[in-house]
Amino acid sequence: MLNIIWLGLLVASVAIALATGHLRDVVVSVTAGAEAAFKLALGFTGIMALWLGIMRIAQDSGLVDRFTSLIRPAMGILFRGIPRGHPAMGSMAMNIVANVFGLNNAATPLGLKAMKDLDTLNRNKGTATDDMCMFLTINTSSIQIIPAGAIALLASGGASDPTAIVFPALAATAASTVVGIVAARLLSKMKRFRKEIHGGPTDEGTT
Amino acid sequence: MKGLPDFSATLSNLIFLAFLVGIPCYGFVKGVKVYESFVEGAKEGFETAVRIIPYLVAILVAIGMFRASGALAMLSDRIPECMKSLGLTPEVLSLALMRPLSGAASLGILGEIVASHGADSYQARLGAVMSGSTETTLYVAAVYFGAVSVSRVRYALHAGLIADAAGLIAAVIVCRLFFG
């Protein structure tokens, strides 16, 4: 997909430049683009290093674990097919908090562990459970508090107030997470998706 | 109408600083060697940056060429004025479309917007809020479901993409409110 889009951009640029007579501009833009990319990456490195340094302190001080134990009780509302004390709840909580803090490197292995834990409760292997779908939805609705990558790019480009996007992004991401959770809950009740679970009884308790 | 943007900017900076200073303070109280810990974590910043350089180069060159050829302006002419007034230029729309597919590529598009329009432009801010409020849904779903060999994903993608769409619409609204 990306291969076609990228190649398409390159070929279309040259074709259209030939038609519009902008060939010289296109040639100039190639070197300018490559140079701008590296300069952006250079500025990006500083903010990213700063942020990941702070986040390491959050991990080392146990702050991440503390948040994990804070959100755990609330998760029972979202994930209804998980017995008390099951490891899936812990690994999901850890993954969600890692995402909130933007610890992408730590979040992925935790998320994969969470999926494996969820799969131990799956009575119909190969088909996603309601809890898996809810977990994926929360995960992909971006619950990151500080969008460090975007801030770093703005800062690298010389923004006057790069962190001004923090609150707007937080508001937008909260909206997307709430909509995602509601959508997942509503979709889970649809007949079309219910009948895809054949493994066990479709217990009414999970709806 | 000036109150809301100011409020948002102040709150944003406070949240950022609360993390920046609050976390080391918490760490210190908990007996963490905060300086050593920071330096150890900061090393990862370089890996992250080095990892995105190829994507930035690929995207900035490709879109830069596309822009220089005049094609981007032609596309832009086809977008209705009401959408453009909301900041939805072709670059921002392509960022929105790329976001669920690839995090690095969408970061590249944001970099291109920053490089061509300036980091203080409305488009750059909208793009930054968009990339901060949505996720690489298709990629995450592929990796996570792949790990447990789940092929019938039921409504996971529907819900994830609905959440992404909500995030994008919310990004347009909050940017209008806070940066308009």
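Cut-offs applied
Residues numbered from 1 in each chain as written. Chains lettered and ligands numbered in written order. Predicted model: local features only at pLDDT ≥ 70, side-chain atom pairs only at ≥ 80, totals over all residues. Core = buried A, V, L, I, M, F, W, Y, C linked by C-beta atoms within 7 Å. Buried ≥ 20, exposed ≤ 12 C-beta atoms within 10 Å, placed from the backbone. Helix = DSSP H or I, 4+ residues; strand = E, 2+ residues; numbered from the N terminus. Contact = placed C-beta atoms within 7 Å. pLDDT = per-residue confidence, 0-100. Nonpolar A, V, L, I, M, F, W, Y, C, P; charged D, E, K, R; others polar. Expected span 1.5 Å × (residues − 1). Arc of directions from axis to C-beta. Axes fitted to C-alpha atoms, helices over the stretch in contact; angles between N-to-C directions. Parallel < 35°, antiparallel > 145°, perpendicular 65-115°, else oblique. Left-handed = near helix turned anticlockwise from the far one by under 90°.

K.L.:
So what about the nonpolar core? Which residues, and what values?
P.N.:
By size, the foremost hydrophobic cluster in this structure holds 122 residues, and its most contacted members are L154 of chain A together with V129 of chain B. For this core, the element with the highest residue contribution is helix α2 (residues 34-68) of chain B, accounting for 17 residues. Beyond its immediate chain neighbours, meaning those up to four positions away, L154 of chain A contacts A159, P162 and I165 of chain A together with V114, A119, A124 and A128 of chain B.

K.L.:
So what about the environment of N13 of chain B? Which residues, and what values?
P.N.:
All names here are of chain B. Turning to its location among the elements, N13 is positioned in helix α1 (residues 3-29). Residue classification places N13 among the partly exposed positions, given that 16 C-beta atoms sit within 10 Å. Each C-alpha atom of the pair N13 and Y122 lies 18 Å from the other, and the pair is 109 residues apart in sequence.

K.L.:
Tell me what's going on with the confidence of the model for chain B, and back it up with residues and numbers.
P.N.:
Per-residue pLDDT for chain B has a mean of 93; in total, 99% of the residues score no lower than 70. Predicted complex metrics record ipTM = 0.91 and pTM = 0.90.

K.L.:
Explain the interface of chain B and chain A to me, using residue names and the numbers behind them.
P.N.:
As a measure of interface size, the accessible area lost when the parts come together is often cited. Counting from both sides, the interface comprises 92 residues of chain B and, opposite them, 90 residues of chain A. Breaking the side of chain B that touches chain A down by element, the ones donating at least two residues are α1, α2, α6 (103-117), α7 (122-133), α8 (137-147) and α9 (156-179) of chain B. With 26 residues, the single largest contributor to the side of chain B that touches chain A is α2 of chain B. In terms of residue class, the side of chain B that touches chain A is made up of 58 nonpolar, 24 polar and ten charged.

K.L.:
Go over helix α1 (residues 2-20) of chain A with me, naming the residues and quoting the values.
P.N.:
Across its 19 residues, α1 of chain A extends 26 Å between first and last C-alpha, which sits within 8% of the 27 Å expected from 1.5 Å per residue. Taken residue by residue, α1 of chain A has L9, S13 and A17 of chain A as its buried positions. Taken down its axis, α1 of chain A places every buried residue within 45 degrees of arc, on the same side. For α1 of chain A, exposure combined with an orientation more than 90 degrees from the buried face picks out N3, I4, L7, G8, V11, A15, L18 and A19 of chain A. On its buried side, α1 of chain A packs onto α2 (23-60) of chain A together with α2 and α3 (71-78) of chain B. Immediately beyond the C-terminal end of α1 of chain A, within one or two residues, lies G21 of chain A, with a positive phi of roughly 75 degrees.

K.L.:
Lay out helix α4 (residues 87-100) of chain A in plain terms, naming residues and giving numbers.
P.N.:
Residue and element names in this part refer to chain A. Along its 14 residues, α4 runs 20 Å from first to last C-alpha, staying within 8% of the 20 Å computed at 1.5 Å per residue. Of all the 14 residues making up α4, eleven are buried; the element is thus mostly covered by neighbouring parts of the structure. Those residues of α4 not exposed but buried are A88, M89, S91, M92, A93, M94, N95, I96, V97, A98 and N99. On its buried face, α4 is in contact with α3 (63-78), α5 (104-119) and α6 (130-140). Count one or two residues on from α4 and you reach G102, which has phi positive near 75 degrees.

K.L.:
Let's hear about the packing of helix α8 (residues 166-189) of chain A against α9 of chain B: which residues, and what values?
P.N.:
Closest axis-to-axis distance for the α8 of chain A/α9 of chain B pair is 7 Å, and the angle between their directions is 150 degrees. On the basis of their axis angle, the class for α8 of chain A and α9 of chain B is roughly antiparallel. The interaxial crossing formed by α8 of chain A with α9 of chain B has right-handed handedness. Considered class by class, the residues forming the contact of α8 of chain A with α9 of chain B number 17 nonpolar, seven polar and one charged.

K.L.:
Quick one: what's the story with the packing of α6 of chain A against α8 of chain A, residue by residue and with numbers?
P.N.:
Residues and elements named next belong to chain A. Following both chains from N to C, one finds α6 and α8 inclined at 160 degrees, their axes separated by 9 Å at the closest point. By the criterion of interaxial angle, the relationship of α6 to α8 is roughly antiparallel. For the pair α6 and α8, the crossing hand works out as right-handed. Contacts between α6 and α8 pair D130, C133, M134, T137 and I138 from the former with T177, G180, I181, A184 and S188 from the latter. Class assignment for the residues of the contact of α6 with α8 results in five nonpolar, four polar and one charged.

K.L.:
Can you tell me about the confidence of the model for chain A, naming the residues and giving the values?
P.N.:
In low-pLDDT segments, the atomic positions of the prediction should not be examined closely. All names here are of chain A. Per-residue pLDDT for chain A has a mean of 91; in total, 95% of the residues score no lower than 70. When mean pLDDT is taken per element in chain A, α8 scores highest with 96 and helix α9 (residues 191-194) scores lowest with 89. Across residues 200-207, confidence stays below pLDDT 50; counting only partners more than four residues off in sequence or on other chains, it has nine contacts.

K.L.:
Tell me about unusual backbone geometry, residues and numbers included.
P.N.:
Of all residues except glycine, most have a negative phi; of all peptide bonds, most are trans. All names here are of chain B. A positive phi angle, near 50 degrees, is found at S149, a position not held by glycine. In this structure, S149 sits in the loop between α8 and α9. The backbone of R154 sits at a positive phi, close to 50 degrees, despite the residue not being glycine. Note that R154 resides in the loop between α8 and α9.

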